[in-house]
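Observations on the model geometry
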Amino acid sequence: MKVAIIGQGYVGLTISAFAAEHFDVVGFDSNQLIVDQLNQGISHIEGVKNSLLVKRVKSGRYKATTRGSEIAGSNIVVIAVPTPLTKERNPDLSYIESACKTIGQNLSAPALVINESTSFPGTLRGFIKPAIEKYSLAPLEHMYAISPERVDPGRSDFNQRNTPRLYSGLTREAASKTRDFYSKFCENLIEVSSPEVAEAAKLFENTFRQVNIALVNEFAQIAHTLGISVYETLDAANTKPYGFMKFTPSAGVGGHCIPVDPTYLAAVAEEHGAPATFIRRANEVNLEMSEYIVRRVVEDNGGNLQGRRVLVVGVAYKPNVADVRETAAKLVIEHLRSKGAVVSWHDDVVGNWKGESSAPLQGADIAVVVTKHDSVDEKKILASAPYVFDTTGKVSGAKGL
Ligand SMILES: NC(=O)c1ccc[n+]([C@@H]2O[C@H](COP(=O)([O-])OP(=O)(O)OC[C@H]3O[C@@H](n4cnc5c(N)ncnc54)[C@H](O)[C@@H]3O)[C@@H](O)[C@H]2O)c1
């Protein structure tokens, strides 16, 4: 069995590493640098270790490529390309379209095409299948299925093997072959009645997180106004053994999923005339958090940040990963700079970002902790500036939400 995986990022490379234990895997990616590194056994994501990649490359069962022709002859093709938002914050399916073009132009025999990229209900049936058919050089009866990815990069307790996986096919045969494929490296497979249910479930999972994070971010502001501790209140509420799930406040949401996926759901809802006001407002509340935090820092520092040396601690969107996509740190830095602060940032996990390098964790007038990696010492954060504002709730003794 030959498997082609289109896109070798967080999702595609993770699947490739697992699948190559059982199948011959071609990892197709449009980025030559990533492909060259992967073929040398150098992984660019946290979840796949170099040692595993070296093993897969040496076994001859994994190869990365930028050449579309190398996916020819695949029995299974998995799509794992980005699904971001356009500048106008609408769903951007251009990467999926390009993946469909690669598939259409290079497959000359029927295959099982599985989409793992997150998108709105109807994408498999109404976009991917017609796009592949449009680009195919000859009419082919491919099978189509969906299995939305749930990987949480940097997490060790849940992985490909033990995270339950949803799937559905456009036909019975597609569903059954999809189950056969994933059952090699996933212990818990759950079939749903249509691809649209699987697509919607993925979006709803992330919308649930987005809305609850917005709620707790709003509550943090209410608690501060009332002069009570948000953290103690959340811990108190969390003693209820049912009907409550604890979320913690932050500088906002980041990553490729939570700030993006709910907008896919809102867009498809509105296109069909259903309101998505709650989802839209949750997005705004999370985006506004960075401004609120800077306002608090300004208030605590005599109402003026002009010329003050401010160090933002942690610019990755979450702890222990180097991923800066949609990070709330970007907005925090922008708001601080708009107030005249001289801003640098410290994050040795990220290292370099937007043409700037991680600054030493010392010598600032003000430190604002946006993300706290486990490797960063709490005492060093406290010693880095006379005033420290912590948005994570992990630096005891600092000012905070
Ligand atoms: N990262 C996560 O935690 C996560 C979790 C669940 C679902 N998802 C979803 O999975 C999909 C992929 O996300 P990701 O985090 O792996 O993205 P990523 O940015 O880490 O990787 C995508 C890769 O695809 C490549 N690429 C882009 N266009 C291509 C094309 N036309 N052909 C071949 N390669 C192409 C890029 O070079 C990149 O290496 C998205 O829809 C995302 O929403 C991501």
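Further up the page is the structure itself.
For the structure given in this document, a descriptive report is provided here. (Residues numbered from 1 in each chain as written. Predicted model: local features only at pLDDT ≥ 70, side-chain atom pairs only at ≥ 80, totals over all residues. Heavy atoms only, no water.)

1. A look at the overall build of the chain
When its secondary structure is counted, the chain shows twelve helices and 15 strands. Relative to a compact globule of 401 residues, whose C-alpha radius of gyration would be 21 Å, the chain shows 23 Å and is just as compact. Considering only C-alpha atoms, the chain reaches an extent of 70 × 50 × 40 Å along its principal axes. Classification of the 401 residues of the chain by burial places 51% in the buried group. Taking the contacts inside the chain whose residues are at least 6 apart along the sequence as the reference set, 69% of them involve residues at least 24 apart. Carbon and sulfur atoms form 53% of the exposed surface of the chain, whose accessible area is close to 18,400 Å². Once the 43 positive and 44 negative side-chain charges of the chain are each reduced to a mean point, those two points are 3 Å apart. (Helix = DSSP H or I, 4+ residues; strand = E, 2+ residues; numbered from the N terminus. Rg over C-alpha atoms; globule rule 2.2 N^0.38 Å. Buried < 20%, exposed > 50% of the residue type's maximum accessible area, 1.4 Å probe, protein only. Contact = heavy atoms within 4.5 Å. Areas by Shrake-Rupley, 256 points an atom, 1.4 Å probe, with all protein chains shown as cover. Lys, Arg positive; Asp, Glu negative; His and termini not counted. Charge placed at Lys NZ, Arg CZ, Asp CG, Glu CD.)

2. Focus on the sheet that holds strand β6 (residues 143-146)
The strand order β3-β2-β1-β4-β5-β6-β7-β8 describes an open sheet built from eight strands, whose pairing is mixed. For this open sheet the edge positions go to β3 (62-65) and β8 (189-191), each flanked by a neighbour on one side alone. For this sheet, the mean angle separating the axes of adjacent strands, direction not counted, is 25°. Taken strand by strand, helix α4 (residues 94-106) contacts β1 (2-6), β2 (24-28), β4 (76-79) and β5 (112-115), and its axis lies near 165° from that of β4. (Pairing = 2+ DSSP bridges. Axes fitted to C-alpha atoms, helices over the stretch in contact; angles between N-to-C directions.)

3. Description of a nonpolar patch on the surface
Taken together, the side chains of Phe204, Phe208 and Met245 make up a nonpolar region of the molecular surface, amounting to roughly 330 Å² of accessible area. Summarising the element assignment, methionine 245 is placed in the loop between α8 (230-237) and α9 (261-271). (Patch = residues over 30% accessible without salt bridge, like charges linked within 9 Å, V, L, I, M, F, W, Y side chains within 5 Å. Salt bridge = Lys/Arg side-chain N within 4 Å of Asp/Glu carboxyl O.)

4. Things to note about the pairing of strand β14 (residues 387-390)
Every second residue of β14 is oriented toward a common face, with Tyr387 and Phe389 on one face and Val388 and Asp390 on the other, all of them buried. Direction of pairing for strand β13 (residues 366-369) relative to β14: parallel, over a ladder of four bridges. Following the sheet pairing, isoleucine 366 is matched in β14 by tyrosine 387. Read as a crossover between parallel neighbours, the route from β13 over helix α12 (residues 378-383) to β14 is right-handed. Judged from the two bridges that link them, β14 and strand β15 (residues 399-400) form a sheet pairing that is parallel. Among the inter-strand pairings, phenylalanine 389 is bridged to a residue of β15, identified as lysine 399. (Right-handed = clockwise from strand over helix to strand, strands pointing away.)

5. Examining the packing of aromatic side chains
Per the stated rule, a full pass over the model turns up eight aromatic pairs. Seen from their ring centres, phenylalanine 18 and phenylalanine 185 are 6.2 Å apart, and the 35° between their planes marks the pair as tilted. Of this pair, phenylalanine 18 sits in helix α1 (residues 10-19) while phenylalanine 185 is found in the loop between α6 (172-182) and β8, placing the two residues 167 residues apart along the sequence. Of the two residues examined, phenylalanine 18 and phenylalanine 185, each falls in the buried class. A connected cluster of aromatic rings, assembled from ring pairs, spans Phe18, Phe23, Phe181, Tyr182 and Phe185. (Phe/Tyr/Trp six-rings, centres within 6.5 Å; stacked < 30°, edge-to-face > 60°.)

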